[in-house]
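A structural walkthrough
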Amino acid sequence: MAFIRKKRREQQLQLYSKERFSLLLLNLEEYYFEQHTANHIQNKGNQNERKIRGSLKICSKSVIFEPDAISQPIIKIPLRDCIKIGKHGENGSNRHFSKAKSGEISLIFSQVYFIKEHNIVAPYKIERGKMEYVFELDVSGKVEDVVETLLQLHRASRLDKLGDQTAMITAILQSRLARTSFDKNRFQSVSEKLHMECKAEMVTPLVTNPGHVCITDTNLYFQPLNGYPKPVVQITLQDVRRIYKRRHGLMPLGLEVFCTEDDLCSDIYLKFYEPQDRDDLYFYIATYLDYNKKLNFHEHHAAERTAESYTLQWQRGHLSNYQYLLHLNNLADRSCNDLSQYPVFPWVIGDYCSAALDLSNPGTFRDLSRPVGALNKERLERLLTRYQEMPEPKFMYGSHYSSPGYVLFYLVRIGKIPCQCSRFSAVSRVFSGVLLPHLTLISPLAPEYMLCLQNGRFDNADRMFNSIAETWKNCLDGATDFKELIPEFYGDDVSFLVNSLKLDLGKRQGGQMVDDVELPPWARSPEDFLQKSKDALESNYVSEHLHEWIDLIFGYKQKGSDAVGAHNVFHPLTYEGGVDLNSIEDPDEKVAMLTQILEFGQTPKQLFVTPHPRRITPKFKNFSHTCSHNAPMADSPVSPGEESFEDLTEESKSLAWNNITKLQLHEQYKIHKEAVTGIAVSCNGSSVFTTSQDSTLKMFSKESKMLQRSISFSNMALSSCLLLPGDATVISSSWDNNVYFYSIAFARRQDTLMGHDDAVSKICWHDNRLYSASWDSTVKVWSGVAAEMTCTRRQRFDMLAELEHDVSVDTISLNAASTLLVSGTKEGTVNIWDLATATVLHQIPCHSGTVCDTAFSPDSRHVLSTGEDGCLNVIDVQTGMLISSMTSDEPQRCFIWDGNSVLSGSQSGELLVWDLLGGKISERIQGHTGAVTCIWMNEQCSSIITGGEDRQIMFWKLQY
């Protein structure tokens, strides 16, 4: 038996690091100041006296001795339990001001903790009773300073009020920081130029480490005051991909830096003492990123993206549900470095009892439109009764759905061995103690976090994370359990489900030991459980309903009357702005309030104030993914080996748009005397009709490359043109308030519609209806029969509807089915209209100047608008939410798009190719010598014509 136990212990020790000390051995809100090599002298003055080699660490609330021998426990002596501190005299008594040259320090105390004996993570052992420990420093000259520091910290720890303790320790810390500065010898290059230096703390789960931040023209540095775990942390600015301002402890003091695009964990999280320092550092990094982006060194650089910038990618299937939720958590101040704001994910499966998991059955899933607390109707009724009887401020749930305790409840079993920080998994990086790039680290174990949070103890065995089904049942039935999940449930690392370290987590009431997490019957293994959980998260059902959960957690149902209506009201202290800590004058009350908030859990920052749009599930099959969490492919309606004409057309369109950056100029002709304003092309592509500010409508033969006709209706500019079905009639709109009908066969003006009180800016036609927009602030809908336009008799026009606006309307566009119309105004508002009822669905003020052009996506899910302000804005048609916005240096006057990519004509004459999903300009193509004013593409997306202020029309070809 002894041999077996010895082998087992040796196997366990292989999983642990020789470096046992970590900041997790400190109390919450405690600082590690300095360390000294020393001996712990046991049985001082006795025959069996012996010295144990190690290091003595001075912390703000304790003294910690770490022996070199891992068989010996780490010793932690709380300063508040110390009775006397001083130099050790020859007779063993304490003399605070002894002149002896002893290098020994004596601590007399009433309580001591023994931690990680044999380097095994376990609940701390406590020994009580009056004791004396003697420590011999290697450098005896340091004794006076160390004793004075300990006495000062001891006085702080013995103050009656917690607020006074915090204030005194903070003053000691700030004094130490003020007496030191960043060591410039740590710069990577002597040529680096210093931009700023300030004091800050590096944040990791449950702990912070004070030091100095320094930024140069090429690097960001952090130098810990205590030199732990290395003298300096360095981030190369060229590697930075994302930075986020964070609220830390409910204050705008945090800054998180990522050197990857999609990783869950950052490279460094800093907490500043002054908001201005945080903002200044953010400015320097963002300026660097913007500068390099303009130089095209790093197209993907982005300082801080918006939630909406990811929504379009998610809607169109270019981000999986998992990826999208990670981005939303990131933007909502959720960070793996802050357990009070850890990323939150939903329970999506509601069946943990069946032998098989049926993801095609809606009954398998949890109702995502309800918070966890409202899933059980009987429990909800009891909560509502209490809520109605409660005085203000009322809340339905006294506990939150995410808190440090809940996070560690799930992750307590995780243990990691040495790994490469820049490459290891998100779970490993979460529990690495300190996140340093390009440095091999020893990861502390998740149980150490639990012990840190709970003062050296594990939770009661029956309250541990023992079973998936039990946990879900308690979330449904428990009086105070409303927790959601964490990203690890949809990841690849099963270590949080398996007690691989064989930790002694206690014995349950039934007598069984707490070991691996019990899985549902439908899961064959932990790996199978995670895979099926991932499949469920990416399933069609969840994709169709995930926006409902987003509304609750990150959206408009998070606060206010909508939250009340959705039974989604938590304690006021959990909400951003729920309490103003600066207004609390009593230091004790402030510290207690902050502690309560941090431990209780925090609601994510609200990202959306309008209903979140749905995902476009039928489109999943059209997109490929390179991520590890791909959206499932929808079944194709076409049998294998079979392709319809529509499929081939769609394939040719996709091919064309995939090669849109290879657009090359084929021919160009100057056929007008002023700017070209409109282009229409006959079905066979042989005849091109153009309008211009020179007041003429011209007909150009593409075959003979000659101008065939030039027609003038008035002496005022023409603003747009279109061809009616059958290619027999051209319609032109004019600044003289009229719309003109021209018969191609009879070569004459067929009719005139005098329908507006100011210039007609744009016309559209569909199904015998004419839509005209005007500077008189209206859009009018007219009836007309296309076939009759070729005869000699005048046409009668009946106005069917008038869509009134507050200001001039500069552009309109119809969706493919002509059930919706979008209009853009002089003041920058985009309006989406329901043509069946002639009512406005959404008014979105999304431009700071005139709206130049608008268009629906081919699937009618989105509207794109461009404006004089240089912005391209994507709007969700269902909700009216602005879900993506990109900016250029100049106005984009016109565009065509396929829902993912945009080809726009700019004020300077360039054609710009935009990748909306990637958030970047993919290509700049030199075109006209003046502004590009209009653009046309045929239905097959194989031919493009542009018109410009240089009076030219240009014919473009795609190079495959």
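Residues numbered from 1 in each chain as written. Predicted model: local features only at pLDDT ≥ 70, side-chain atom pairs only at ≥ 80, totals over all residues. Heavy atoms only, no water.

Description of the overall build of the protein chain
Each helix and strand counted, the protein chain has 16 helices and 45 strands in total. Considering the protein chain as a whole, with its 960 residues, one finds that 58% of them fall into the buried category. Sequence separation of at least 24 residues holds for 57% of the intrachain contacts in the protein chain that already meet a minimum separation of 6. Total accessible area on the protein chain is roughly 40,400 Å²; 48% of this is exposed by carbon and sulfur atoms. (Helix = DSSP H or I, 4+ residues; strand = E, 2+ residues; numbered from the N terminus. Buried < 20%, exposed > 50% of the residue type's maximum accessible area, 1.4 Å probe, protein only. Contact = heavy atoms within 4.5 Å. Areas by Shrake-Rupley, 256 points an atom, 1.4 Å probe, with all protein chains shown as cover.)

A closer look at a negative patch on the surface
Taken together, the side chains of Asp160, Asp164, Glu585, Asp586 and Glu589 present a region of like negative charge at the surface. Here Glu585 shows up in the loop between α14 (560–565) and α15 (587–600). For Glu585, a relative accessible area of 77% translates into the label exposed. (Patch = residues over 30% accessible without salt bridge, like charges linked within 9 Å, V, L, I, M, F, W, Y side chains within 5 Å. Salt bridge = Lys/Arg side-chain N within 4 Å of Asp/Glu carboxyl O. Lys, Arg positive; Asp, Glu negative; His and termini not counted. Charge placed at Lys NZ, Arg CZ, Asp CG, Glu CD.)

A look at the nonpolar core
Within the largest apolar cluster, 124 residues are counted, with the highest numbers of intra-cluster contacts made by Phe489 and Phe554. The leading source of residues in this core is helix α13 (residues 540–553), at seven residues. When residues no more than four places from it in sequence are discounted, the contact partners of Phe489 are Tyr410, Phe465, Ile468, Phe496, Phe529, Leu530 and Ser533. Core analysis: the next-biggest nonpolar cluster, separate from the first, contains 33 residues, Ile52, Cys82, Leu107 and Ile172 among them. (Core = buried A, V, L, I, M, F, W, Y, C linked by side-chain atoms within 4.5 Å.)

A look at the confidence of the model for the protein chain
Atom-level detail of predicted coordinates should not be read off regions where pLDDT is low. Of all residues in the protein chain, 88% attain a pLDDT of 70 or more, and the chain-wide mean is 87. A low-confidence stretch, residues 296–301 stays under pLDDT 50, and its non-local contacts, those more than four residues away or across chains, total 18 contacts. (pLDDT = per-residue confidence, 0-100.)

Section: the packing of helix α8 (residues 404–411) against helix α10 (residues 446–453)
Packed helices, taken two at a time, are described by the angle between their axes plus the distance between the axes. Where α8 meets α10, the closest approach of the two axes is 9 Å, and the angle between their N-to-C directions is 145°. In the crossing of α8 with α10, the sense of the turn from one axis to the other is left-handed. Two secondary-structure elements touch here, α8 through Pro404, Gly405, Leu408, Phe409 and Leu411 and α10 through Ala446, Tyr449, Met450 and Leu453. Tallied by class, residues from the contact of α8 with α10 come to eight nonpolar, one polar and no charged. (Axes fitted to C-alpha atoms, helices over the stretch in contact; angles between N-to-C directions. Left-handed = near helix turned anticlockwise from the far one by under 90°. Nonpolar A, V, L, I, M, F, W, Y, C, P; charged D, E, K, R; others polar.)

Notes on helix α11 (residues 468–477)
Buried within α11 we find Ile468, Thr471, Trp472 and Cys475. With its buried residues spanning 95° around the axis, α11 presents them on a single face. For α11, the elements touching its buried residues are α7 (377–389), α8 and α12 (526–537). A distance of 3.3 Å separates the backbone nitrogen of Ala469 from a side-chain oxygen at the start of α11, and that oxygen is part of Ser467. (Arc of directions from axis to C-beta. Polar contact = N/O pair within 3.5 Å; in protein donor to acceptor, adjacent residues only side chain to side chain.)

Thoughts on the pattern of salt bridges
Overall, the coordinates contain 29 salt bridges when judged by the stated rule. When the shortest N-O distance is used, the salt bridge between Glu104 and Lys44 registers 2.8 Å. Taken as a pair, Glu104 in strand β7 (residues 104–115) and Lys44 in the loop between β1 (32–42) and β2 (50–59) lie far apart in primary sequence, 60 residues in all. Residue classification places Lys44 among the partly exposed positions, given a relative accessible area of 33%. A salt bridge links Glu136 to Lys51; the nearest nitrogen and oxygen atoms lie 3.0 Å apart. With Glu136 in strand β8 (residues 125–137) and Lys51 in strand β2, the pair connects residues that are 85 residues apart, well separated along the chain. A network of salt bridges, in which partner residues are shared, links Arg246, Arg247, Glu256 and Asp333.

Some remarks on empty space enclosed by the protein
Leftover empty space is mapped by rolling, across the atoms, a probe with the size of a water molecule. Going through the model one piece at a time under the given rule, you end up with seven cavities of 30 Å³ or more. Of the volumes computed, that of the second largest cavity is approximately 60 Å³. Residue lining of the second largest cavity: Arg366, Pro371, Val372, Gly373, Tyr397, Tyr401, Phe482, Glu484, Trp549, Ile553, Asn568 and Phe570, and that is the complete set. For the lining of the second largest cavity, the per-class residue count stands at eight nonpolar, two polar and two charged. (1 Å grid on protein atoms, 1.4 Å probe; cavity = no way out; pocket = protein on both sides within 12 Å on 5 of 7 lines; lining within 4 Å. Points joined across faces, edges and corners; volume = space filled by probe spheres on them.)

A closer look at unusual backbone geometry
The linkage connecting Tyr228 with the following residue, Pro229, adopts the cis geometry, with an omega of 0°. Among the secondary structure elements, Pro229 is positioned in the loop between β11 (219–224) and β12 (233–236). Following Glu392, the chain continues into Pro393 via a peptide bond in cis, with omega recorded as -5°. With respect to the secondary-structure elements, Pro393 resides in the loop between α7 and α8. Within the chain, Asp767 stands out as a residue other than glycine whose phi angle is a positive 50°. Relative to the helices and strands, Asp767 resides in the loop between β27 (760–766) and β28 (769–774). We classify Asp767 as exposed; its relative accessible area is 59%. With phi around 55°, Ala838 is a residue other than glycine that occupies positive phi space.

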